[in-house]
Amino acid sequence: MSGAMQALIVAIAISGGLGVFLLMPRAATGTRPAGLALAGLSLALLVVAWCANFGEGDLPAGLVFCLLAALTVVAGVMTVTRRSPVSCALWFASVVIGTSGLFMLQNAQFLAAATIIVYAGAIIVMFLFVVMLAQQSGVSFYDRTPREPALAIISAGILLVLLLSVIVSTHHGESASVRPIAGEPSVSKTAFMSSDAAGQHVAGLGRSLFADHWLSLEIAGAVLLVAMVGAIAIAARKERA
Amino acid sequence: MLANYLIVGAILFVLGAVGFLTRRNMIVMFLSAEMMLQGVSLNLVAFSNVWSNWHGQIFTIYILTIAAAEAAIALALVVKLYHRRGSLDVSLWQDLREPDQPAIDDDAEPAASVPAPPAWPTLTPAGVEPRHTDEEIEEATHV
């Protein structure tokens, strides 16, 4: 990995961390413009880092990727830093939409739809919870005072620098045309169908799910049942005997 | 292109971690945890696409299932905890900390920094208020 890339990663982490720190909901306001500026700088550097990874002929997909990824990252920052839980829930919905778009870019149409459906339901439930429980008296005290934001952001920034360094040094300049190592026996009984077999995509996914991974499917069903029973047992009011 | 998806996944994971560590509202903490799951899902789908097999997507479906189960149980717990203390503040539950950890004093907010309640628009009173009889006043206080 080149020294310029390393410096870029550190710059992204430092400006992003400072921006998030200044955007944090605190009692003393007035740091928002500086935080927005720093976070925007970090986003611009991030787009530069993405563009350095694009190969030849990636332009249209790269543009869509940059838009969706920028939406996802900005919405993620907003989810963490908004004061009102209702805004947090709405920005998290934007995160879900952005990730679904990124799924769609990667031949995962079914997952894109499933993520939106599952999480949209979850977000609506969350929304109702917030409205029922937390909104009686506006933005409350504990939403305005984050706990130890400096320590959390420093440790998270170190984690981010490490992760990005490993990712970039491993995959820098690699195009998307990586194929499995020749001669390696494939574990899967069902072949992967990419976008050239449009219309067969979900069928292939379902075949793989029910042929290669039937045991994990059974376990997932059992986990859902146990979770449902557990949730009812936890939330039910105790009747006095 | 693979590196870019991994970068976005790492950023989502780290942002979720920051949110989980700093926010005190239990619902926002839960949303942050979900955001970390989104970052991991993005990684898995990217690997699935690059290696041209279904395993990453199957893993992601599994993550969706576990996230649904987790959401059900977490929301049940949040409702229960809210009924106990009447607040979503997670600091109210610091009695559950390790015995050698010091207590967190969160109530040190300076009073001057508390924002005033929003100023609602007021209507200028028009006309003259009619004289109330004693019976009317008596009745109004008892409604």
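Preceding this paragraph is the structure being described.
Anyway, here's the lowdown on the structure attached to this text. Nothing here was measured: the structure is a model prediction, and the numbers come from that model.

### Examining the packing of helix H5 (residues 109–133) of chain A against helix H2 (residues 26–50) of chain B
And then number 1: One way to put it is that H5 of chain A packs onto H2 of chain B with a least axis distance of 12 Å and a crossing angle of 175°. Considering the angle they form, H5 of chain A stands roughly antiparallel to H2 of chain B. Together, Leu111, Thr115, Tyr119, Met126, Phe129 and Val130 of chain A of H5 of chain A and Ile27, Phe30, Leu31, Glu34, Gln38 and Val45 of chain B of H2 of chain B make up the contact between the two elements.

### Digging into helix H8 (residues 201–211) of chain A
And then number 1: Listed in full, the buried residues belonging to H8 of chain A are His201, Gly204, Leu205, Ser208 and Leu209 of chain A. The buried residues of H8 of chain A occupy one face: seen down the axis, they fall within an arc of 135°.
And then number 2: On its buried face, H8 of chain A is in contact with H5 and helix H9 (214–235) of chain A together with helix H3 (55–85) of chain B.

### Describing the packing of helix H4 (residues 85–105) of chain A against helix H1 (residues 2–22) of chain B
And then number 1: Packing of H4 of chain A against H1 of chain B leaves a shortest axis separation of 12 Å and a crossing angle of 160°. Taken together, H4 of chain A and H1 of chain B sit at an angle that is classed as roughly antiparallel. Every pair of crossing elements has a handedness; the one defined by H4 of chain A and H1 of chain B is left-handed. Packed against H4 of chain A, whose contacting residues are Val95, Thr99, Leu102 and Leu105 of chain A, the element H1 of chain B presents Tyr5, Val8 and Leu12 of chain B at the interface.
And then number 2: Residues that form the contact of H4 of chain A with H1 of chain B fall into these classes: six nonpolar, one polar and no charged.

### Describing the pattern of salt bridges
Residues and elements named next belong to chain B.
And then number 1: Applying the stated criterion to the full structure yields one salt bridge over all chains.
And then number 2: The closest approach of N and O atoms between Arg24 and Asp89, which form a salt bridge, is 2.7 Å. With Arg24 in the loop between H1 and H2 and Asp89 in the loop between H3 and helix H4 (134–142), the pair connects residues that are 65 residues apart, well separated along the chain. Side by side, Arg24 and Asp89 carry an identical accessibility label, which is buried.

### Considerations on empty space enclosed by the protein
And then number 1: Counted under the stated rule, the structure contains two cavities of 30 Å³ or more.
And then number 2: If you add up the space inside the largest cavity, you get close to 40 Å³.
And then number 3: Together, Met5, Ile9, Ile12, Leu46, Ala49, Leu164 and Val168 of chain A together with Ile7 of chain B line the largest cavity.
And then number 4: Among the elements of the structure, helix H1 (3–23), helix H2 (32–52) and helix H7 (149–171) of chain A are those that each provide at least two residues to the lining of the largest cavity.
And then number 5: By volume, the second largest cavity is sized at about 30 Å³.
And then number 6: In terms of lining residues, the second largest cavity is bounded by Phe92, Tyr119, Ala122, Ile123 and Met126 of chain A together with Phe30, Leu31, Glu34 and Ala71 of chain B.
And then number 7: The set of elements that each furnish at least two residues to the lining of the second largest cavity consists of H5 of chain A together with H2 of chain B.
And then number 8: Of the residues forming the lining of the second largest cavity, the biggest block, four residues, is contributed by H5 of chain A.
And then number 9: A per-class count over the lining of the second largest cavity returns eight nonpolar, no polar and one charged.

Rules used in this analysis
Residues numbered from 1 in each chain as written. Chains lettered and ligands numbered in written order. Predicted model: local features only at pLDDT ≥ 70, side-chain atom pairs only at ≥ 80, totals over all residues. Heavy atoms only, no water. Axes fitted to C-alpha atoms, helices over the stretch in contact; angles between N-to-C directions. Helix = DSSP H or I, 4+ residues; strand = E, 2+ residues; numbered from the N terminus. Parallel < 35°, antiparallel > 145°, perpendicular 65-115°, else oblique. Contact = heavy atoms within 4.5 Å. Buried < 20%, exposed > 50% of the residue type's maximum accessible area, 1.4 Å probe, protein only. Arc of directions from axis to C-beta. Left-handed = near helix turned anticlockwise from the far one by under 90°. Nonpolar A, V, L, I, M, F, W, Y, C, P; charged D, E, K, R; others polar. Salt bridge = Lys/Arg side-chain N within 4 Å of Asp/Glu carboxyl O. 1 Å grid on protein atoms, 1.4 Å probe; cavity = no way out; pocket = protein on both sides within 12 Å on 5 of 7 lines; lining within 4 Å. Points joined across faces, edges and corners; volume = space filled by probe spheres on them.

Take it as geometry only, folks, not as evidence of what the structure does.
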